[in-house]
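A structural walkthrough
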Amino acid sequence: MDAVTLSTLLAAAAMAGWVDAVVGGGGLLLLPALLVAAPGLPVATALGTNKLAAIFGTATAAATYARRTTLDWRVAGPAAGLAVLSAGVGAALAGAVPAAAYRPVVLVVLVSVAVFVLLRPRMGVVAVPARRTAVRVAAVIAVAGVGIALYDGLIGPGTGTFLVLAFTALVGADFVHGSAMAKVVNAGTNLGALVVFGVTGHVWWLLGAGMAVCNIAGAVVGARMALRRGSGFVRVVLLVVVVALVAKLGYDQWVAR
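Parameters at a glance
- Residues numbered from 1 in each chain as written.
- Predicted model: local features only at pLDDT ≥ 70, side-chain atom pairs only at ≥ 80, totals over all residues.
- Heavy atoms only, no water.
- Phe/Tyr/Trp six-rings, centres within 6.5 Å; stacked < 30°, edge-to-face > 60°.
- Helix = DSSP H or I, 4+ residues; strand = E, 2+ residues; numbered from the N terminus.
- Buried < 20%, exposed > 50% of the residue type's maximum accessible area, 1.4 Å probe, protein only.
- Lys NZ or Arg CZ within 6 Å of the ring centre and 35° of its normal.
- 1 Å grid on protein atoms, 1.4 Å probe; cavity = no way out; pocket = protein on both sides within 12 Å on 5 of 7 lines; lining within 4 Å.
- Points joined across faces, edges and corners; volume = space filled by probe spheres on them.
- Nonpolar A, V, L, I, M, F, W, Y, C, P; charged D, E, K, R; others polar.
- Axes fitted to C-alpha atoms, helices over the stretch in contact; angles between N-to-C directions.
- Parallel < 35°, antiparallel > 145°, perpendicular 65-115°, else oblique.
- Left-handed = near helix turned anticlockwise from the far one by under 90°.
- Contact = heavy atoms within 4.5 Å.

On to the packing of aromatic side chains. Applying the stated rule across the entire model yields two aromatic pairs. For the pair Trp 18 and Phe 233, a centre-to-centre distance of 6.3 Å together with 80° between the ring planes defines the contact as edge-to-face. Here the residue Trp 18 occupies a position in helix H1 (residues 3-22), and Phe 233 occupies one in helix H10 (residues 231-255), the gap between them amounting to 215 residues. Both rings, one in Tyr 151 and one in Phe 162, keep their centres 5.6 Å apart while their planes meet at 75°; by these two values the pair is edge-to-face. Of this pair, Tyr 151 sits in helix H6 (residues 134-154) while Phe 162 is found in helix H7 (residues 159-171), placing the two residues eleven residues apart along the sequence. The class for Tyr 151 is buried, based on a relative accessible area of 13%. The side chain of Arg 229 reaches across the aromatic face of Phe 233, ending 5.3 Å from its centre.

So, on to empty space enclosed by the protein. The final tally for this structure, using the stated rule, is one cavity of 30 Å³ or more. Its volume calculated, the largest cavity comes out at about 110 Å³. Asp 20, Gly 27, Lys 51, Asp 152 and Gly 156 are, among the 16 residues lining the largest cavity, the residues nearest its centre. Breaking the lining of the largest cavity down by element, the ones donating at least two residues are helix H3 (43-68), H7 and helix H8 (175-199). With four residues, H3 is the single largest residue contributor to the lining of the largest cavity. A per-class count over the lining of the largest cavity returns two nonpolar, eleven polar and three charged.

Further remarks concern the packing of H7 against H8. Running from N to C, H7 and H8 cross one another at 130°; their axes reach a closest spacing of 8 Å. As summarised for this structure, H7 and H8 are arranged oblique, according to the angle between their axes. The crossing of H7 and H8 is right-handed. Here H7 contributes Thr 159, Gly 160, Leu 163, Val 164, Phe 167 and Thr 168 to the contact with H8, which in turn contributes Phe 175, Gly 178, Ser 179, Met 181, Ala 182, Val 185 and Asn 186.

Shown next as structure tokens:
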């Protein structure tokens, strides 16, 4: 791999760490960068190498949030535990089902998310503790720890965004605290998927380690920026990432065929 390509991948890893730390969706940057840099690279290997970089970034972001804000471990802890197993199952199935089969569903969900956030401008800006009932807590643990984690192992991009929205919509967290819990669960999904990809030989360890260093740097900057600027800033980044995801998936679905 030449120096220009390697530098591009390292820069993409740093930017992906920043995006993941703020609102999730860093895979939108890093996965295409890997696939472009290495034509013919199996999707599973791109996913596995991305997980190696991402797990260090998400863990660093989670630690940064934990030091500077209050994390609800009663929600994030069980969801993260389930996420390790669910993402591992998803990773084991990666490649068995073509990504094209998922794109239409994910596109519909993302467009719905964008419309929902736009029509509810106060959602996530201020916490709504009344929503944190036992039933809703159980629901968000299942959605985050099973449904979204399974998707992360299978496909990946947008997982952090889905997690943030799950915590804000279901249990009334504001965007900053929702993002903090999302990082804990996302670290779990990355761990579960990485173990499976590593065992099956789908990780470029040396390249992934270099990208991990840059991912950590981006994650530290992103988490601190989100904490400093607050939920309004996270909401704007969320909408930008969702629009970018819709554009990328739409292009893959209808243009790049």
